[in-house]
Amino acid sequence: MDTAPSAQPATTTPAAGNRRRVATAAALASAVEWYDYFVFGIAAALVLGDLYFPAGSPTAGVLASFATFAVGFLARPIGGIVAGHLGDKRGRKPMLVLALTLMGVATTGIGLLPTYDTIGVAAPILLVLLRIAQGVAVGAQWGGAMLLATEYAPEGKRGVYGSVVQLGVPIGVVTANTVFLVAGALTTDSAFAAWGWRVPFLVGLLVLALAWYIHTRVEETPAFREAERALAEKEKTEQNSPLRTILRGHLGTVLLAGGSFAVNTATFYILITGVLDYTTRELDMKKSAVLTVSLCVSLTQLVLIPAAAALSDRVGRIRIYALGAVGIALWAVPLFLLIDTGSLLWLAVGTFVASCFLSIMYGPQAALFAELFTPEMRYTGASLGYQIAAVAGGGLAPFVMVLLLEATGTSMAVSGYIIVLSVIALVSIKVLADRARAAESSESEAEPETKSATGSAG
């Protein structure tokens, strides 16, 4: 066995048509949620600094904008904790619907928000509050969408089904970049700064329609229905709290999960936001060209993520996951050496190879995290692990990248940052693998004793 132990799948077998409907709904929920989340990152790199934090130097404006971007990540564990707790006690679907609704309202609100020139200091304050709401929403969403997919998965295909939710990330990036490219192409620079950047945020209204569809057409997962019956019996005799259970008995697993994934999310946000700012502000590359490269690279993930997930169903999650982490570490220096050439071609090559290694990790990640916890605490445990990684890696990465570039004057400092996170990931992965082997050994040693006891009773 190559991955952490998990509860056995639910005995209820959903119909194939229902599985497909749920998988499609989970993929769409992930895609639209991440689209809404990513448009802020792109806007932060392009326009938000000037519009909402106008005082000081251009670098100070970008740092303030990226700090606001990071605030959303700091809020994600709140969404993960609240939705995880309620999702383990009340169901996966209600929390996913609530997350989608909150994201739709927050994103639309950003699209309608007046700038600093119009309402003064209230503008950045409201922007931060709406970004916090986005963070809470995406923190709540991932666990719900991931569990809808993986807990409906047929035997031996949990990795593939989990990957449909992971596809929401590249789909969100592609869609966000496309909408920004179209908005930029159809407007002048002044018009884009005045109102064109708002259009991608107003698309957030479509999330509300999807939330209603999931609320009315998608059923709760079989694994939760079985866990719900067990919890109902347990609550008759004792107070049950999935969060308390996680913090008391499984906090180490949560931290290891977060440590294993921080390098992936940090590198990802460096590529889609930090590199966008760096290439356009420091290397004088064209905004539309860099966005196009990001879009094309993200398209390749639509193939690589499910391929890595399918392979993990055959050879084990941790082997594939560790391969991706090693690749990220080895590619961190060549990545920025290629970017620093200022060539669009080498930028594409560097980010494409990095994206391949990210996809290798990202494909099996949903199934791996789901398998670390039993159904009655799975939403809470998996969400916390994911969101810890998001805070430690993704939220701070663009901000740290700008600080490192300003402090050292070389992009190799950013490569060093990625390598350090890769080492943390590999150590975390090794500990998870050792735990899985120990658990498997304990189970195999217990089997003969069980058989012996059964024979004596007979």
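Everything discussed here concerns the structure shown above.
Residues numbered from 1 in each chain as written. Predicted model: local features only at pLDDT ≥ 70, side-chain atom pairs only at ≥ 80, totals over all residues. Heavy atoms only, no water.

S.K.: Explain the packing of helix 3 (residues 92–112) against helix 10 (residues 206–217) to me, please; I cannot follow it from the model alone.
M.R.: When two helices pack together, their arrangement is given by the angle between the helix axes and by the axis-to-axis distance. The geometry of helix 3 relative to helix 10 is characterised by a closest axis approach of 8 Å and an angle of 165° between their N-to-C directions. Between helix 3 and helix 10, the interaxial angle falls into the category roughly antiparallel. For helix 3 against helix 10, the interelement crossing comes out left-handed. Of the residues in helix 10, those touching helix 3 at Lys 93, Leu 96, Val 97, Leu 100, Thr 101, Gly 104 and Val 105 are Val 207, Leu 208, Leu 210, Ala 211, Ile 214 and His 215. In the contact of helix 3 with helix 10, the residues fall into 9 nonpolar, 3 polar and 1 charged. (Axes fitted to C-alpha atoms, helices over the stretch in contact; angles between N-to-C directions. Helix = DSSP H or I, 4+ residues; strand = E, 2+ residues; numbered from the N terminus. Parallel < 35°, antiparallel > 145°, perpendicular 65-115°, else oblique. Left-handed = near helix turned anticlockwise from the far one by under 90°. Contact = heavy atoms within 4.5 Å. Nonpolar A, V, L, I, M, F, W, Y, C, P; charged D, E, K, R; others polar.)

S.K.: Can you walk me through the side chain of Gln 166 in this structure?
M.R.: With respect to the helices and strands, Gln 166 occurs in helix 6 (residues 158–166). Overall, Gln 166 belongs to the buried group, its relative accessible area being 0%. Of note is the side chain of Gln 166, whose polar atom sits 2.6 Å from the side chain of Gln 365. Once residues lying within four places of it in the same chain are set aside, the contact partners of Gln 166 are Trp 142, Ile 305, Tyr 362, Gly 363, Gln 365 and Ala 366. (Buried < 20%, exposed > 50% of the residue type's maximum accessible area, 1.4 Å probe, protein only. Polar contact = N/O pair within 3.5 Å; in protein donor to acceptor, adjacent residues only side chain to side chain.)

S.K.: What should I look at first to understand the pattern of salt bridges in this one?
M.R.: Two side chains that carry opposite charge are able to pair once their charged atoms sit near each other. Going through the model one piece at a time under the given rule, you end up with 7 salt bridges. A salt bridge links Asp 434 to Lys 430; its shortest N-O distance comes to 3.0 Å. Within this pair, Asp 434 and its partner Lys 430 are both found in helix 19 (residues 412–457), separated by 4 residues, close to a single helical turn. Classification of Lys 430 as exposed rests on a relative accessible area of 52%. Ionic pairing is found between Asp 434 and Arg 437, a salt bridge with its closest N-O pair at 2.5 Å. Linking Asp 434 with Arg 437, this pair stays in helix 19, spanning 3 residues, or about one helical turn. For Arg 437, a relative accessible area of 44% translates into the label partly exposed. Overlapping salt bridges bring together Arg 158, Asp 313, Arg 317 and Glu 371 as one network. (Salt bridge = Lys/Arg side-chain N within 4 Å of Asp/Glu carboxyl O.)

S.K.: Looking at this structure, how should I read the environment of Gly 111?
M.R.: If you trace the backbone, Gly 111 turns up in helix 3. Classification of Gly 111 as buried rests on a relative accessible area of 2%. Taking the C-alpha atoms as reference points, Gly 111 and Arg 198, separated by 87 residues in sequence, lie 4.6 Å from one another. Excluding anything up to four places from it in sequence, Gly 111 contacts Arg 198, Phe 201 and Leu 202.

S.K.: Please clarify how unusual backbone geometry should be interpreted in this entry.
M.R.: In most cases, non-glycine residues show a negative phi, while peptide bonds are predominantly trans. With a phi close to 60°, Asp 284 is a non-glycine residue in the positive phi region. Tracing the backbone through its elements, the reader meets Asp 284 in the loop between helix 13 (251–281) and helix 14 (287–315). Asp 284 sits in the exposed class, given a relative accessible area of 66%.

S.K.: I'm lost on the side chain of Arg 317 in this one. Help?
M.R.: One can find Arg 317 in helix 15 (residues 317–339). Only 2.6 Å separates the side chain of Arg 317 from the side chain of Asp 313, close enough to count as a polar contact.

The values reported here are purely geometric and, on their own, carry no functional implication.
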